[in-house]
Each structure stands twice: as structure tokens, then as C-alpha cells.
Amino acid sequence: MHEIHSMFEPLARRRVRDVQVPGFVDRDEAVPRFTPLADSVYLALDEGYFRLDSVGNHGQLAMSLVTGTEPSPALQGEDEEFTLASCGDSFLADSHSEYRITRIRYALNNESVPGSGTVRCAEFELENHFVVFADPMYHFGIRLEGVGAYDRWVNDSREESVTFGPTREGVWVPATIT
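This text gives an overview of the structure that appears in the document. (Residues numbered from 1 in each chain as written. Predicted model: local features only at pLDDT ≥ 70, side-chain atom pairs only at ≥ 80, totals over all residues. Heavy atoms only, no water.)

Things to note about the pairing of strand 2 (residues 33-36)
Here strand 1 (residues 15-26) pairs with strand 2 via four bridges, running antiparallel. The residue bridging Phe24 from the neighbouring strand is Thr35, located in strand 2. Here strand 1 folds back onto strand 2, and the loop between the two strands holds six residues. (Pairing = 2+ DSSP bridges. Helix = DSSP H or I, 4+ residues; strand = E, 2+ residues; numbered from the N terminus.)

Examining the nonpolar core
With 32 residues, the main nonpolar core has Phe8, Phe50, Leu52, Met63, Phe124 and Leu144 as its most contacted residues. Per-element accounting of this core gives the leading share, five residues, to strand 7 (residues 99-108). Ala149, Tyr150, Trp153 and Val154 belong to the second largest nonpolar core, which has seven residues in total. (Core = buried A, V, L, I, M, F, W, Y, C linked by side-chain atoms within 4.5 Å. Buried < 20%, exposed > 50% of the residue type's maximum accessible area, 1.4 Å probe, protein only.)

Here we look at the pattern of salt bridges
Per the stated rule, a full pass over the model turns up eleven salt bridges. With a closest N to O distance of 3.9 Å, Arg14 and Glu47 form a salt bridge. Here Arg14, found in the loop between helix 1 (5-8) and strand 1, pairs with Glu47, found in the loop between strand 3 (40-45) and strand 4 (49-55); they are 33 residues apart in sequence, far enough to count as distant. When the shortest N-O distance is used, the salt bridge between Arg103 and Glu123 registers 3.6 Å. Of the two residues, Arg103 sits in strand 7 while Glu123 sits in strand 9 (residues 121-126), which places them 20 residues apart along the sequence. By sharing partners, the salt bridges in this structure join Arg103, Arg105, Glu123, Glu125 and Asp151 into a single network. (Salt bridge = Lys/Arg side-chain N within 4 Å of Asp/Glu carboxyl O.)

Observations concerning the packing of aromatic side chains
According to the stated counting rule, one finds nine aromatic pairs in the structure shown. Relative to Tyr106, the ring of Phe8 has its centre 5.9 Å away and its plane inclined at 55°; by these criteria the two rings are tilted. Of this pair, Phe8 sits in helix 1 while Tyr106 is found in strand 7, placing the two residues 98 residues apart along the sequence. Comparing Phe8 with Tyr106 shows no difference in burial state: the two are buried. (Phe/Tyr/Trp six-rings, centres within 6.5 Å; stacked < 30°, edge-to-face > 60°.)

In C-alpha cells form, the structure reads like this:
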């Protein structure tokens, strides 16, 4: 289970500054409207991004460290304007502008591929206090929730084990928090 921890190690030296959901600006109405395409979510870091993607029929969360954002394939060939919506204030309401990741809890099942950075879901704890939980098994993409969501998910997921195998949990804590 620790093979995924190598993916998390670079996060020990970086700070999260925002949670961003990609989408597009719909200008067909009198007032332009942001429309999210929540199959991906970005944790904007002080350098680069930690990208979360809903994969495997929305049942797995693929994670990767990337240098930039990119439009959803759903926008290819469309006239829509790609943009990102900042959701950080919903999860990171404090005077800090950058937050250390102090713990990551994640769940695995038989469809997960931890060596490739794919888990069932993940909770990111920042500054030992703030929480961003990402669950990709949601009709509209990745569901983002806060404190308590991971524990509720673990309690509710007992039914999933029949279909997808037993749920196994893991925890990553940075070796040193600076």
C-alpha cells in the first residue's frame, strides 16, 4: 500500500494555495455563467498543480503532479472559453495564503492501482485543520466535501465491498512538516 506514498512525497515540500475546478464560460445568456466540468479538480500549489481526475466510470481517483492546467477534452472543437473556478474559500477559510498538506487519507478497492496513483477516494488535510475530500463516484464528476466527509464515506462504503472488493485504507503523513 505504500507504493502510492512516493507520489505524495513531493507534496511535503509544496504548499496548496487554492482548490480549482475547470469549466467554461457560457456566454449564450445575458449574464455569462460558469459551467463546471468536474471530472478533474486541481489543488493549485505554490509550484504547479496536483491534479485529481475521475476515471474508471467515475469510480476511481487518478492523481498526478502537473505543471499546468489544461482544458477538458469535452471542450475540444467547441467555442467555449476554458477557465478555472476557485473553490478554495469553501475549504480553506483562514488568513493563510498557502497551506501545508499535513495528512492524506485514502481508500483503495480492487479497481485501484496505487502504483499509478489511482485510489478510490482521498482526503487532504491542510495545516492539521482544513479538509478537502474528493470522491469521484458522483454523477457530475468529483464531489468535493469538507470535515467529516471521509469518515462518513468509510461508514457508507461498506456496501460497496460486495461489488468492488474490500475497502482498504491508507494514510500518508509527510516525514517532516516545515
